[in-house]
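Residue-level listing of the chains:
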Amino acid sequence: MRMGEDIVQSERFDKAWHVPHHHKKGTIAQHCLETAGYALRISRWLSRRGITVSERDVVRASLLHDIGMTEDEVFLSPSRVKAYTHPREGSRIAREEFGVSDLQADAILRHMWPIGHVPPHSIEGWVVVAADKCCSIHEIHQAFAPWAKR
Ligand SMILES: [Fe+2]
Ligand SMILES: [Fe+2]
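What comes next concerns the included structure. (Residues numbered from 1 in each chain as written. Chains lettered and ligands numbered in written order. Predicted model: local features only at pLDDT ≥ 70, side-chain atom pairs only at ≥ 80, totals over all residues. Heavy atoms only, no water.)

What follows is about the overall build of the chain. Within the chain, the secondary structure is distributed over eight helices and two strands. For 150 residues, the compact-globule estimate of 2.2 N^0.38 gives 15 Å, and the chain sits close to it at 15 Å. Its C-alpha atoms give the chain principal-axis dimensions of about 40 × 40 × 30 Å. Looking at the chain as a whole, 49% of its 150 residues are labelled buried. Look at the contacts in the chain between residues 6 or more apart in sequence, and 56% of them connect residues 24 or more apart. With an accessible surface of roughly 8,200 Å², the chain has 57% of that area assigned to carbon and sulfur atoms. In the chain, which carries 20 positive and 19 negative side-chain charges, the distance between the mean positions of the two groups comes to 8 Å. (Helix = DSSP H or I, 4+ residues; strand = E, 2+ residues; numbered from the N terminus. Rg over C-alpha atoms; globule rule 2.2 N^0.38 Å. Buried < 20%, exposed > 50% of the residue type's maximum accessible area, 1.4 Å probe, protein only. Contact = heavy atoms within 4.5 Å. Areas by Shrake-Rupley, 256 points an atom, 1.4 Å probe, with all protein chains shown as cover. Lys, Arg positive; Asp, Glu negative; His and termini not counted. Charge placed at Lys NZ, Arg CZ, Asp CG, Glu CD.)

Pasting the structure below:
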């Protein structure tokens, strides 16, 4: 919590509590908090294997990775467009409103990899990619579980 207190308590994050995410079962704020939880678990798993990961960087980047969705013009665009625009918007918002580091801004910008084609430039960025996908699998499973109906 200490690592992202300024983010979680911001007006921008308040807005994220009202923006629906994955299939309207949750909100962007909820998804970002859960992604941060996955990112911390992955970071600790890696560090037990001798791979050093900055927990502060993964928490801050995770909390802000989908913040671009809080911009109306992004949220209202078709999902194939949104997939490309929200990381760019998010990275801009993260720099302007939260003064994130270059590493954190890059992790936000690249979190949709392989969409966007350019992978993250740091291990922390890769952790955010993995955490976002783990979190999304869980959310989609809760919402639909299409494979369970086979
Ligand atoms: Fe995203
Ligand atoms: Fe996400």
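Right, let's get into a nonpolar patch on the surface. A cluster of nonpolar side chains, Ile51, Ile123 and Trp126, forms an exposed patch at the surface whose accessible area comes to about 230 Å². Mapped onto the fold, Ile123 is located in helix α8 (residues 123-143). Its relative accessible area of 33% is what places Ile123 among the partly exposed residues. (Patch = residues over 30% accessible without salt bridge, like charges linked within 9 Å, V, L, I, M, F, W, Y side chains within 5 Å. Salt bridge = Lys/Arg side-chain N within 4 Å of Asp/Glu carboxyl O.)

Moving on: the packing of aromatic side chains. Following the criterion strictly, the structure yields two aromatic pairs and no others. Centre to centre, the rings of Trp113 and Trp126 are 4.9 Å apart; their planes meet at 75 degrees, and the pair counts as edge-to-face. Here Trp113, found in the loop between α7 (102-109) and α8, pairs with Trp126, found in helix α8; they are 13 residues apart in sequence, far enough to count as distant. Over the ring of Tyr38 we find Arg41, and its NZ or CZ is 4.8 Å from the ring centre. (Phe/Tyr/Trp six-rings, centres within 6.5 Å; stacked < 30°, edge-to-face > 60°. Lys NZ or Arg CZ within 6 Å of the ring centre and 35° of its normal.)

Protein-derived coordination of the iron ion (ligand 1) comes from Asp66 (OD), His86 (NE2) and His111 (NE2), at a distance range of 2.1 to 2.2 Å. Of note, the iron ion (ligand 1) draws all its donor residues from one chain, in the sequence arrangement D-x19-H-x24-H. Between the iron ion (ligand 1) and the iron ion (ligand 2) the interatomic distance comes to 3.7 Å, and Asp66 is a ligand of both metals. Highlighted residues: His86 in helix α6 (residues 79-98) and His111 in the loop between α7 and α8, separated in sequence by 25 residues. By relative accessible area, His86 is classed as buried at 2%. (Donors = N, O, S within 2.8 Å, 3.2 Å for Na, K, Ca; no water.)

Next up on the list: the coordination of the iron ion (ligand 2). Every protein donor of the iron ion (ligand 2) is accounted for by His31 (NE2), His65 (NE2), Asp66 (OD) and Asp132 (OD), and the metal-donor separations fall at 2.1 to 2.3 Å. Taken together, the four donor atoms surrounding the iron ion (ligand 2) define angles of 86 to 174 degrees at the centre, an arrangement classified as irregular. In primary sequence terms, the donor set of the iron ion (ligand 2) follows H-x33-H-D-x65-D. (Tetrahedral: all angles 85-135°; square planar, octahedral: opposite > 155°, others 65-115°.)

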